[in-house]
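Analysis of the macromolecular model
The primary structure of each chain is shown beneath.
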Amino acid sequence: MNSAKNASKPAKLTRNLGLKHRNSFGLDSTAELAYEITSANQLPALMKELGDKKLTWRALGGGSNVILPESLPGATLLINILGQEIIQSDQEYSWLSVGAGVNWHEFVAWTLDQNLPGLENLALIPGTVGAAPIQNIGAYGVEIGEYIDSIEAFDSSAHAFVTLSQEACQFAYRDSYFKQNPNRFIVTKVVFKISKAWQARLQYADLAKQFAESSSSPSAKQIFDAVCTIRSNKLPDPKVIGNAGSFFQNPIVSTEQYEQLSKKFPNLVSYPDIPGMRKLAAGWLIDQCGFKGKRVGPVGVYEDQALVLVNHGGGTSTDILNLAKSIQEEVQNNFGIGLDIEPNIL
Ligand code: EPU
C-alpha cells in the first residue's frame, strides 16, 4: 500500500455520457455515471463511495479492445492519468514511468525521440499504456510484457495500491494476471525497463520482407516506420471503419492435433509455440470458411484481414457477437477448433 497518496480533487462526473467516440468499434453506448480519472489519488475515495453504494464499475482506457453494450449501468472510470518520465538509468537499462492514460503509440514515438529503442515493433497499436499490459499486446515478434519492470494498480479487493513485478503480472500470449482477475485492478502507472543493448527484431516474415533488399541493418526508426506501413495496409483505421483489431486469438493446439490438421489442410498457416504446442493463424481459418469481406447488416468481416470484425456504422454489440458466433461455429465445424474472442465484452 502506498500511504503517500494524498487526497486530491475528486474525479469529474458526467451523467449519461455517450461513448461512441471513445470505443474504436464505434458502438453506441451510454455510461450512466462516467468519472474522469486524472490522478491515481482520486481512486481510494471514489472506489470507497462506489463500494458503499454497491455500484458496479469498470475501467475504460482507449476503448480499442472492448465491446460495449448499449448502456453501461453504474460507474465507468475513464482513465486519463498522464505523464511520462525517465526515472532511472544505468549502463545497461533505462527505467521509464508512464501514466496509464498516455496514448500507447505516442509513447512509443516518444521513446524513440529519447533514443530508447525497443518498442518500435509495437508501433501504431491503438489504446493506452495502462490497457496494453492487460492483454499483453504483441505484434511482429514482440510482446509488451518483456519490457515491463512493474505495474502500479489500485486493487479493489484489498482497497489499496499494489505494485506488481513483471513476474507477478504472469504475462502470456494475449494474457496476464489482470486479465485473469477481471474487474479487480485499475492500472494507474506502468514502469518499463528498456535495455541499452538494442537489437533489431525482424524474425516476423512481414517485417523482414521490408528490409530484405537493404545491405545494412535498419534503425529503430526505420522499423517503426515499416510497422506503421504494414499495419496501415492490413488493418482498418478505426477512425474510418469501426473495429477492435484482431477479434479472435490465434488458437494454440497440440503438435499432434496440428500434424493431423496439416495433413488434411497442407496450406494451414501456423507458428512455433512452446514445446509440444503450435499456434494457428485464426485469420487463415476464418478466411478458408469464406468470411473475408462478408457483410451481415451493419457489421462484417474486414476485406483484407479475416481476423478483424468491423462495424460499417450503426452496429450494436449484439450484431457483432452474432457474427462472431457464426464464425466460431463454422471454424469449429470445418477444423474442429474453438476460437476465443480477444476483446473484452463488457
Ligand atoms: N491470413 C489469411 N487470411 C486472412 C488473414 C490472415 O490467410 O484473412 C493468414 C496469412 O497467411 C497471414 C497469417 O494468416 O500471413 C497471419 O496473419 P497476420 O500476419 O496478419 O497476423 P495475425 O496472426 O492475423 C497477429 C496479431 C496481430 C498482430 C499481427 C502481427 C493476434 C490475435 N493478432 O495477427 O495483433 O498485429 O499478428 O504480429 O495475435 C491485435 O491483436 O489486435 C493485432 C492486430
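Residues numbered from 1 in each chain as written. Predicted model: local features only at pLDDT ≥ 70, side-chain atom pairs only at ≥ 80, totals over all residues. Heavy atoms only, no water.

**Some details on the pattern of salt bridges**
One pass over the full model with this rule turns up 10 salt bridges. Of the charged contacts, one joins E146 and R201 as a salt bridge, the two residues approaching to 2.8 Å between their closest N and O atoms. With E146 in the loop between β9 (142–143) and β10 (148–155) and R201 in the loop between β12 (185–195) and α4 (205–210), this pair connects stretches of sequence that are 55 residues apart. Judged by relative accessible area, which is 22%, R201 ranks as partly exposed. (Salt bridge = Lys/Arg side-chain N within 4 Å of Asp/Glu carboxyl O. Helix = DSSP H or I, 4+ residues; strand = E, 2+ residues; numbered from the N terminus. Buried < 20%, exposed > 50% of the residue type's maximum accessible area, 1.4 Å probe, protein only.)

**Structural notes on the site of the ligand**
Taken together, 23 residues surround the ligand, and among them Y140, Y173, Y204, D287 and A306 come closest. Burial of the ligand by the protein chains amounts to 83% of its free accessible area of 820 Å². Contributing elements (two or more residues each) for the shell around the ligand: β8 (138–139), α5 (220–234), β13 (242–246) and α7 (282–288). For the shell around the ligand, the leading source of residues is α7, giving three residues. Both of domain 2 (84–195) and domain 3 (242–345) provide at least three residues apiece to the shell around the ligand. (Near = heavy atom within 4 Å. Areas by Shrake-Rupley, 256 points an atom, 1.4 Å probe, with all protein chains shown as cover. Domains from an automatic or database assignment.)

**Regarding the nonpolar core**
Y35, I37, L77, W104, F107 and F192 are the most contacted members of the largest nonpolar core, which totals 59 residues. In this structure, this core is formed jointly by two domains, domain 1 (4–79) and domain 2 (84–195), each of which donates at least three residues. (Core = buried A, V, L, I, M, F, W, Y, C linked by side-chain atoms within 4.5 Å.)

**Digging into the packing of aromatic side chains**
Aromatic ring pairs are reported here in terms of the distance separating the ring centres and the angle at which the planes meet. Under the counting rule described, the total for this entry stands at 14 aromatic pairs. Each ring, one from F107 and one from F192, has its centre 4.9 Å from the other, and the planes form 35°; the classification is tilted. In this pair, F107 sits in helix α2 (residues 104–113) while F192 sits in strand β12, placing the two residues 85 residues apart along the sequence. Its relative accessible area of 0% is what places F107 among the buried residues. (Phe/Tyr/Trp six-rings, centres within 6.5 Å; stacked < 30°, edge-to-face > 60°.)

**A few points about the domain arrangement of the chain**
Looking at the chain, the domain boundaries give domain 1 (4–79), domain 2 (84–195) and domain 3 (242–345). Placing the centre of domain 2 and that of domain 3 at their C-alpha centroids yields a distance of 27 Å. Domain 2 puts four residues into the contact, and the matching count from domain 3 is five residues. In this assembly, domain 2 packs against domain 3 so that about 420 Å² is buried in total across both faces, 40% of it on carbon and sulfur atoms. Three residues, Y173, R174 and K179, lead the burial of domain 2 against domain 3; their summed loss comes to 89% of the area buried on that side. Linking domain 2 with domain 3 are one salt bridge. The residue E342 makes a salt bridge to K179 at a minimum N-O spacing of 3.1 Å. (Contact = heavy atoms within 4.5 Å. Buried area = accessible area lost by both parts, 1.4 Å probe.)

**Comments concerning the sheet that holds β12**
Across a sheet, paired strands are connected by hydrogen bonds in the backbone, their directions being either parallel or antiparallel. The five strands lie next to each other as β6-β7-β12-β10-β11, forming an open sheet whose pairing is antiparallel. Strand pairing shows two members of the sheet lacking a second neighbour, β6 (84–89) and β11 (160–165), which therefore form its edges. Recorded for the sheet is a direction-independent mean angle of 20° between the axes of neighbouring strands. Two strands pair when backbone bridges link them, and strand β7 (residues 93–99) and β12 are joined in this way by seven bridges, in the antiparallel orientation. Each bridged residue has a counterpart across the sheet, and for S94 the counterpart in β12 is I194. (Pairing = 2+ DSSP bridges. Axes fitted to C-alpha atoms, helices over the stretch in contact; angles between N-to-C directions.)

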